[in-house]
Amino acid sequence: MLTIYRIISRLIEMILRLRVRISGSEALRQRLLLDSPSAPADIWIHGASVGELTSARPIIQALAADFSLLVTANSQTGRDMVAEWGLPICLAPLDVPGALDRFLNAVQPRLALTVEAEIWPLRSRMLADRGIPQAVIGARMSERSAQRWARLRGLISPVLGRIAAFSAQDEDSEARLRQLGLPASAILPRLDLKLLAPAQVVPPADDPARDMTVLAASTHEGEDAPILDAWLAARAAHPDLRLILAPRHPQRGADIAALIAARGLDVMRRSDGAGDAPLLLADTLGEMPRWYAMAGICFVGGSLTDIGGHTPWEPAAYRCAILHGPHVDNHAANYAALAEAGAALPVDARTLGAELVRLAGDPAAAHRMGKAAQGLLKDRAGDPVPLLNRLRDLAKSGGAYDI
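Residues numbered from 1 in each chain as written. Predicted model: local features only at pLDDT ≥ 70, side-chain atom pairs only at ≥ 80, totals over all residues. Heavy atoms only, no water.

A. Up close: the overall build of the chain. Looking only at helices and strands, the chain features 20 helices and twelve strands. Principal axes of the C-alpha set define a box for the chain whose edges measure 75 × 45 × 40 Å. The burial tally for the chain puts 50% of its 403 residues in the buried class. For the chain, the proportion of contacts with a sequence separation of at least 24, taken over those separated by at least 6, is 68%. Of the roughly 17700 Å² of accessible surface on the chain, a fraction of 53% belongs to carbon and sulfur atoms. Charge centroids of the chain, computed over 43 positive and 44 negative side chains, lie 8 Å from each other. (Helix = DSSP H or I, 4+ residues; strand = E, 2+ residues; numbered from the N terminus. Buried < 20%, exposed > 50% of the residue type's maximum accessible area, 1.4 Å probe, protein only. Contact = heavy atoms within 4.5 Å. Areas by Shrake-Rupley, 256 points an atom, 1.4 Å probe, with all protein chains shown as cover. Lys, Arg positive; Asp, Glu negative; His and termini not counted. Charge placed at Lys NZ, Arg CZ, Asp CG, Glu CD.)

Right under this line is the structure:
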């Protein structure tokens, strides 16, 4: 089957080269390696686009400390993002013989690392022919995709059989890929790449100011008024209780300021330069880590109204006690796990104020919730050290360039 694939890919490459001559597409020229190839690198890291490469950034940066890297992406947005990280990046070679041959001749990697599970039969075969170990991290495989690939075992089984190091994102994906031909010897502990970065956050120490600060994170229209009313009710019991109100869309700042003013409260907006106040409207972009670090209690927005909720892992990273509304369909399993661990509590517009009173009056309870949330995050993310050690070993030993 690979022979047929190779013949077809050669024909496709001929057609694409002709297309480049007609259209002059720079992106296609780069993917066919028709321009000056990249410089040599110890490790070739490939991710499809922004999402994959962003999730793998902690792994990429850890490897960059010890090895020279070349990162490739299938999309120009992915390429541009990695360029901003200061790492060598180009568009990935297409899975056609000439482009791959020119790419590997130029880069001469000692290890090829793929983020998530892209199946490129010719790439896999040519890497193996050169003695270059292959690794996959954050792999996912849905049941539907597994059923489709099962009809093409002649292509996928050899690809999976050549993998020297493999870390799945979840147990089901790992099992499906093993059934398709992944060797048990390649399997390393599972990692959830999207959680690695938040799991590495070092939150500030608990202190009285943080204990008395509530963050309403990523709120949506219809949530700000009940949050303000709940906070005002809680302040009757705890006059020092502070609120940071951070809307999901800062352009709603003027509308929220009107809600604040209508309650007879001073309007202190971050967009006007305010940095600390009993009530701070955080209507700017890019400062969420600052607000999480300041607050010991976090209400996650998008959950009082039927938005579906936002990720709980950012407040968990900062060891916040987590409150949320009833609408968390987007992250239902995560919130259920946090609730079971004693790390998150559901509230509604009527009960939010009472929970704020309770947690502000019992900092030890809030601390227990925050520690439980951070602990579950770290467990879910997994430990990257065994994977990194294996990748380093492969990079030191791989690569045989008889070209």
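What follows continues from the structure just given.
B. A look at the sheet that holds strand β12 (residues 344–346). Here we have six strands laid out as an open sheet, ordered β9-β8-β7-β10-β11-β12, and parallel in their pairing. Edge positions in the sheet fall to β9 (279–281) and β12, since each of these pairs with one other strand and no more. When strand polarity is set aside, the average angle formed by the axes of neighbouring strands in this sheet is 20 degrees. Inspection of the sheet shows strand β11 (residues 321–324) paired to β12 by three bridges, in the parallel sense. Across the sheet, the residue bridging to Ile322 is Ala344, located in β12. Sitting on the sheet, helix α13 (residues 224–235) is in contact with β7 (213–219), β8 (242–247), β9 and β10 (297–300), with an inclination near 175 degrees to β8. (Pairing = 2+ DSSP bridges. Axes fitted to C-alpha atoms, helices over the stretch in contact; angles between N-to-C directions.)

C. A look at the state of the cysteines. Scanning the entire structure with this criterion turns up zero disulfides. In this structure Cys298 is not part of a disulfide, and its nearest cysteine sulfur, from Cys320, lies 5.3 Å away. With a relative accessible area of 0%, Cys320 lands in the buried category. (Disulfide = S-S within 2.5 Å.)

D. Fine view of helix α10 (residues 171–179). Among the residues making up α10, those that are buried are Ser173, Glu174, Arg176 and Leu177. Projection of α10 onto a plane perpendicular to its axis shows the buried side chains occupying an angular sector of 165 degrees, all on one side. Structural note: α10 exposes Glu171 and Gln179 on the side pointing more than 90 degrees away from its buried face. Each element contacted by the buried residues of α10 is listed here: β5 (134–139), α8 (143–150), α9 (153–161) and β6 (163–168). Two or three places before Asp172, at the start of α10, stands the capping residue Asp170, its side-chain oxygen 3.2 Å from that residue's backbone nitrogen. (Arc of directions from axis to C-beta. Polar contact = N/O pair within 3.5 Å; in protein donor to acceptor, adjacent residues only side chain to side chain.)

E. How the structure looks around empty space enclosed by the protein. If you walk through the whole model with that rule in mind, you get three cavities of 30 Å³ or more. Around the largest cavity, the lining comprises 20 residues; the ones closest to its centre are Thr114, Glu118, Gln134, Val136 and Val159. Of all the secondary-structure elements, those providing two or more residues to the lining of the largest cavity are β1 (43–47), β4 (111–115), α7 (121–129), β5, α9 and β6. Its residues placed into classes, the lining of the largest cavity shows 14 nonpolar, four polar and two charged. (1 Å grid on protein atoms, 1.4 Å probe; cavity = no way out; pocket = protein on both sides within 12 Å on 5 of 7 lines; lining within 4 Å. Points joined across faces, edges and corners; volume = space filled by probe spheres on them. Nonpolar A, V, L, I, M, F, W, Y, C, P; charged D, E, K, R; others polar.)

F. Highlighting the packing of aromatic side chains. Within the structure shown, the criterion is met by two aromatic pairs. Arranged with centres 4.5 Å apart and planes meeting at 55 degrees, the rings of Trp44 and Phe103 form a pair that is tilted. Of this pair, Trp44 sits in strand β1 while Phe103 sits in helix α6 (residues 97–107), and the two are 59 residues apart along the sequence. Each member of the pair Trp44 and Phe103 is classed as buried. Note on Tyr292 and Tyr318: the rings are 5.7 Å apart at their centroids and 20 degrees apart in plane angle, and the pair reads as stacked. Here Tyr318 lies in the loop between α16 (313–317) and β11 and Tyr292 lies in helix α15 (residues 288–294), a separation of 26 residues in the sequence. Of the two residues, Tyr292 and Tyr318, both sit in the buried class. (Phe/Tyr/Trp six-rings, centres within 6.5 Å; stacked < 30°, edge-to-face > 60°.)

G. The environment of Met212, seen in detail. With respect to the helices, strands and loops of the structure, Met212 is situated in the loop between α12 (208–211) and β7. Met212 sits in the buried class, given a relative accessible area of 17%. Setting aside residues up to four positions removed in sequence, Met212 forms contacts with His238, Asp240, Leu241, Arg242 and Ala360.

H. Just the pattern of salt bridges, in detail. Using the criterion set out here, one finds 19 salt bridges in the structure. Put simply, Asp101 and Arg130 hold a salt bridge, and the shortest N to O gap is 2.8 Å. Taken together, the residues span a long stretch of sequence, with Asp101 in helix α6 and Arg130 in the loop between α7 and β5 at a distance of 29 residues. Take Asp101: its relative accessible area is 32%, and that puts it in the partly exposed class. The partner of Glu355 in a salt bridge is Arg358, and the shortest N-O contact between them spans 2.9 Å. Placement of the pair is Glu355 and Arg358 together in helix α18 (residues 352–361), with a separation of three residues, close to one helical turn. Residue Arg358 is classed as partly exposed on the basis of its relative accessible area of 36%. If you follow the salt bridges from partner to partner, you end up with Glu116, Arg140 and Lys194 in one network. (Salt bridge = Lys/Arg side-chain N within 4 Å of Asp/Glu carboxyl O.)

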